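Inside the fold
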There are 2 protein chains.
Amino acid sequence: MRKLPRKVQIVFEPDGLRSNVNPGVTILEAAKICGIKIRSECGGHGFCGKCKVIAKTPEGLTSLSEREKELLSNQEIKKGYRLACQAYIKGNTVIYVPEESRITKRKTLIEGVMQEVEISPLVEKFYIIIPKPSLQDLRTDFDRMTESLKDIYNLEGLEIPLELLKTLPLKLRDADWKVTATIWNRKRIISVEPGNTTQKLYGIAIDIGTSKIIGYLVNLLGGKVVATHFIENPQIIYGEDIISRISHVMKNPQTLEEIHSLAIKAINEIILKCCEKAGIEQTDIYEAVVVGNTAMHHFFLNINPKYLALSPYVPAIGNSVNVEARELKINICPHGNVHVLPVIADFVGADAVGDILATKIFEAEKICLTIDIGTNTEIVLGNKDELFTTSCASGPAFEGMH
Amino acid sequence: MRKLPRKVQIVFEPDGLRSNVNPGVTILEAAKICGIKIRSECGGHGFCGKCKVIAKTPEGLTSLSEREKELLSNQEIKKGYRLACQAYIKGNTVIYVPEESRITKRKTLIEGVMQEVEISPLVEKFYIIIPKPSLQDLRTDFDRMTESLKDIYNLEGLEIPLELLKTLPLKLRDADWKVTATIWNRKRIISVEPGNTTQKLYGIAIDIGTSKIIGYLVNLLGGKVVATHFIENPQIIYGEDIISRISHVMKNPQTLEEIHSLAIKAINEIILKCCEKAGIEQTDIYEAVVVGNTAMHHFFLNINPKYLALSPYVPAIGNSVNVEARELKINICPHGNVHVLPVIADFVGADAVGDILATKIFEAEKICLTIDIGTNTEIVLGNKDELFTTSCASGPAFEGMH
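1. Regarding the domain arrangement of chain A
Splitting chain A by domain gives domain 1 (8-101), domain 2 (123-194) and domain 3 (202-354). Look at where the C-alpha atoms of domain 1 of chain A and domain 2 of chain A centre, and you get two points 58 Å apart.

This is the structure we're talking about:
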């Protein structure tokens, strides 16, 4: 007679809750033991199909039941979906519980202390009426536009991306030479729009957490936050912590692209939702500022994070990074700027830099302590003279997850 | 009885030769009248299939003969190929004679007056041995590379494209921290290669003529031209002169992308051929410098040239343009720079600027005249004090075509 193992381990993601259970119980029963409330309108009889979960380790479960074959689409089966009431646990297993299958929504903290800041965005809009070309004025389209910007606003040495230049001749004429130029950092023209659109200027701040991603849509004329939205970091299917996700890339470098794309997709969803809430277009956003811990930073920029997990743990880059939105496929104004804050070290990322800037601890006279509690917690100690920082894992519970 | 028109016009491209012929003659016979020698090994009996030409206006010809259906592939038929001995002219028609169907190759002038110039390329290579990271030296990969470049070569404030940064961690470690950085304009890192590759540094100069495109591959260590290659400008299928090609875009703006791509494809073929002749890799080329008349300039950059043909004839941009090679899909080092010389006016392009730079007429004491004879001819008159320039059509004959 073959001996069954006495107990097997089940882990529920993204909560990070786990339990040792007897083999032979259903996922639904195991979830109850862990305190996770999965929808089950039919009472666990396999009729309602509401208890969908994703099996990350199918080998720990019994094979698909007839009920599951009926109620799940082929695409869902391919993605590893199971019905929690129909799948029995036979070995160690990891289960992802999607948002739609939960009774209680997870809690997330998206508000914080407000601090007065001076609004001085790097993106600015300038309305100009450009003299039309004539046989007496044969200046090129680019010259007549930039010279108008110089005459009226004293802007000099402006650059333009080729993609935007390509559209310029038609754009200027279609707008009857009355346009609004959006300029980044007083040096790069990132958009040319017909008419006077100077009253529409938005930016978005994105915080990529290990567990969740939050966006704050800001009206850059005044600085008011006009919409926020968050979603769970979909990278969680590659592990709930940073090290698991990095391990995936170390085992298979091809995974990097997928983990990177998940972040981009999530950010684009947040941008779309924020714009819907605020009633604006995505292209009305001209700059995105992104923070995250060093691993999230590398994944966002599609940089291999392998060496963050290997001694002596050095990041690829510490400086801030500016990239055109279209290059990262971030759905804002295509030539808008994506500004990624610098990272301090392997374990203290751009999120901590964000904390330092937001709390203005770098201007404090007295010694202060800034604590950013998340899946990882960063602390910054010091004042205007010197700052010390470090971080360590605190677990998802501290991020308002439970 | 229906009256046939007495004479119909046939135009042969890319030569620009035309004749009025009686309807009912074959293309082969008409070509003889014009002095164009088309291959016809079987003596015009439709056996050898060597007299292939492309009908740009099929309605001016009799329909496909059985012989043609046999000897031409489906793909060729789709592209409008005909056998010159089998297709009879019944109306006005335009015929393109490809290189492979000619007995006499067209003549092209690709050599010119040599002038001593000082070689001072904007791309430079720097070999560095970078200190490896350790628990005592936790600098990021980017910092340790750029700080080495600063310590040894005094290079400061260097930028790196994100695409290149992404590959940096693995590249540095695979090369055991001994790499050659290629830097453009002392500000932008465009390539990082393992080991010492400072002895390989090439540039390419491209002249996009209305009728032909020429490339000169230059060893930037010394300035020697190591290979040249030219091909007929394939845009000729949209007309042998600038105005015809612009008209195509005016009629159908979608054509722009196609006319643009034809130039890019031709340039990539030239680059490949030059590299084969010189025995180097395409990625050993770090900068391309491009000239052409204003229409060629706009087509190359994929800018709508419509307004070059409409009064008051203003170009989109007059300044020089720098673009990453990968953005224009030019097959050199992907982050290499493509420098497009400025244009002076609608009818005096970057090619004339090239003439001014090459002849150094801008340094002359005495008044000089520079003449650049091509399909269009540009003249520049003046000296170090003042320069005047204009251009007018001279026809393909002057470009060594006949």
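2. A look at the environment of A:Lys69
All names here are of chain A. Position of Lys69 among the secondary structure elements: in helix H2 (residues 66-71). For Lys69, a relative accessible area of 45% corresponds to the partly exposed category. Apart from residues lying up to four places away in sequence, Lys69 is in contact with Leu64 and Ile77.

3. Regarding the relation of the copies chain A and chain B
With an RMSD of 0.1 Å, the operation that places chain A on chain B is a rotation of 180° combined with a shift of 0.0 Å along the axis. Each copy turns onto its partner about a two-fold axis. No C-alpha of chain A lies nearer the rotation axis than that of A:Glu327, which sits 5.4 Å from it. Here 100% of the interface residues in chain A have copies in chain B that are interface residues too; the copies meet face to matching face.

4. Overview of the sheet that holds strand S17 (residues 387-393) of chain B
Residues and elements named next belong to chain B. Pairing in this open sheet of three strands is antiparallel, and the strands run S15-S16-S17 from one edge to the other. Taken across any chain shown, the strands that pair with only one partner, and hence form the sheet edges, are strand S15 (368-372) and S17. Direction aside, neighbouring strands of the sheet carry axes that sit 15° apart on average. Relative to strand S16 (residues 376-382), S15 runs antiparallel, the two being bridged by five bridges. Bridging from a neighbouring strand, Cys368 pairs with Gly382 of S16. Sheet strands in contact with helix H10 (residues 350-359) are S15, S16 and S17, and its direction is about 135° off that of S15.

5. Re the interface of chain A and chain B
In this complex, chain A contributes 34 residues to the contact, which on the side of chain B involves 35 residues. Together chain A and chain B conceal approximately 3,100 Å² of surface at their shared face, both sides included; 68% is due to carbon and sulfur atoms. Joining chain A to chain B, the criterion identifies two salt bridges. Here A:Arg326 makes a salt bridge to B:Glu327, at a shortest N to O gap of 3.1 Å. Elements that contribute at least two residues to the side of chain A that touches chain B include exactly helix H4 (141-153), helix H5 (162-174) and helix H9 (325-328) of chain A. Sorting elements by how many residues they give to the side of chain A that touches chain B places H5(A) first, with seven residues. The class makeup of the residues in the side of chain A that touches chain B is 18 nonpolar, seven polar and nine charged.

6. Some remarks on the sheet that holds strand S11 (residues 225-232) of chain B
Residue and element names in this part refer to chain B. Judged by pairing direction, the sheet is mixed, and its six strands sit side by side in the order S11-S10-S9-S12-S14-S13 without closing on themselves. In this open sheet, the two strands that pair with only one neighbour each are S11 and strand S13 (321-324). Ignoring strand direction, the axes of neighbouring strands in this sheet form an average angle of 20°. Pairing between strand S9 (residues 202-208) and strand S12 (residues 285-292): seven bridges, direction parallel. The residue bridging Ile208 from the neighbouring strand is Gly292, located in S12.

7. Some thoughts on empty space enclosed by the protein
Counting across every chain of the model gives two cavities of 30 Å³ or more. Around the second largest cavity sit A:His298, A:Asn304, A:Pro305, A:Tyr307, A:Leu308, A:Val314, A:Pro315, A:Ala316, B:Asp141 and B:Pro169, which together line it. Residues belonging to the lining of the second largest cavity are distributed by class as follows: seven nonpolar, two polar and one charged.

8. Here's the deal with the pairing of strand S1 (residues 8-13) of chain A
Residues and elements named next belong to chain A. Counting buried positions along S1 yields five of six residues, so the element is predominantly enclosed. Summarising the sheet, S1 and strand S2 (residues 17-21) pair through five bridges and their orientation is antiparallel. Across the sheet, the residue bridging to Gln9 is Asn20, located in S2. The turn linking S1 back onto S2 is made up of three residues, and Gly16 within it adopts a positive phi angle of 80°. Here four bridges tie S1 to strand S5 (residues 93-96), and the two strands are oriented parallel to one another. In the sheet register, Val11 faces S5, and the bridge partner there is Val94.

9. Some thoughts on the side chain of B:Thr210
Residues and elements named next belong to chain B. When you line up the elements, Thr210 lands in the loop between S9 and strand S10 (212-219). Under the relative-accessibility criterion, Thr210 is labelled buried at 5%. If we skip the residues at most four places from it in the chain, Thr210 touches Asn233, Glu240, Asp241, Ile242, Arg245, Asn293, Met296 and Thr375.

10. Here's the deal with helix H6 (residues 242-251) of chain A
All names here are of chain A. Taken together, the buried positions of H6 are Ile242, Arg245, Ile246 and Val249. Mapping the buried residues of H6 onto a view down its axis gives an arc of 95°, with all of them on the same face. In this structure Asp241 caps H6, since a side-chain oxygen of it lies 3.2 Å from the backbone nitrogen of Ile243.

11. Some remarks on the environment of B:Val249
Residue and element names in this part refer to chain B. Positionally, Val249 belongs in helix H6 (residues 242-251). Val249 sits 99 residues away from Lys150 along the chain, and the two C-alpha atoms are 49 Å apart. Leaving out residues up to four positions away in the same chain, Val249 has contacts with Thr255, Leu256, Ile259, Phe299, Asn304 and Pro305.

12. Regarding H4(A)
Residue and element names in this part refer to chain A. Taking 1.5 Å per residue as the helical rise, H4 with its 13 residues ought to reach 18 Å, and the 18 Å between its terminal C-alpha atoms agrees with that figure. Every buried residue of H4 is listed here: Asp141, Phe142, Asp143, Arg144, Met145, Thr146, Ser148 and Leu149. Tucked into the core, H4 has its buried residues touching strand S6 (123-129), H5, strand S7 (178-184) and strand S8 (188-194). The first or second residue beyond H4 is Asn154, which carries a positive phi of 60°.

Conventions used here
- Residues numbered from 1 in each chain as written.
- Chains lettered and ligands numbered in written order.
- Predicted model: local features only at pLDDT ≥ 70, side-chain atom pairs only at ≥ 80, totals over all residues.
- Heavy atoms only, no water.
- Domains from an automatic or database assignment.
- Helix = DSSP H or I, 4+ residues; strand = E, 2+ residues; numbered from the N terminus.
- Buried < 20%, exposed > 50% of the residue type's maximum accessible area, 1.4 Å probe, protein only.
- Contact = heavy atoms within 4.5 Å.
- Least-squares fit on C-alpha atoms with pLDDT ≥ 70 in both.
- Pairing = 2+ DSSP bridges.
- Axes fitted to C-alpha atoms, helices over the stretch in contact; angles between N-to-C directions.
- Buried area = accessible area lost by both parts, 1.4 Å probe.
- Salt bridge = Lys/Arg side-chain N within 4 Å of Asp/Glu carboxyl O.
- Nonpolar A, V, L, I, M, F, W, Y, C, P; charged D, E, K, R; others polar.
- 1 Å grid on protein atoms, 1.4 Å probe; cavity = no way out; pocket = protein on both sides within 12 Å on 5 of 7 lines; lining within 4 Å.
- Points joined across faces, edges and corners; volume = space filled by probe spheres on them.
- Arc of directions from axis to C-beta.
- Polar contact = N/O pair within 3.5 Å; in protein donor to acceptor, adjacent residues only side chain to side chain.
- Expected span 1.5 Å × (residues − 1).

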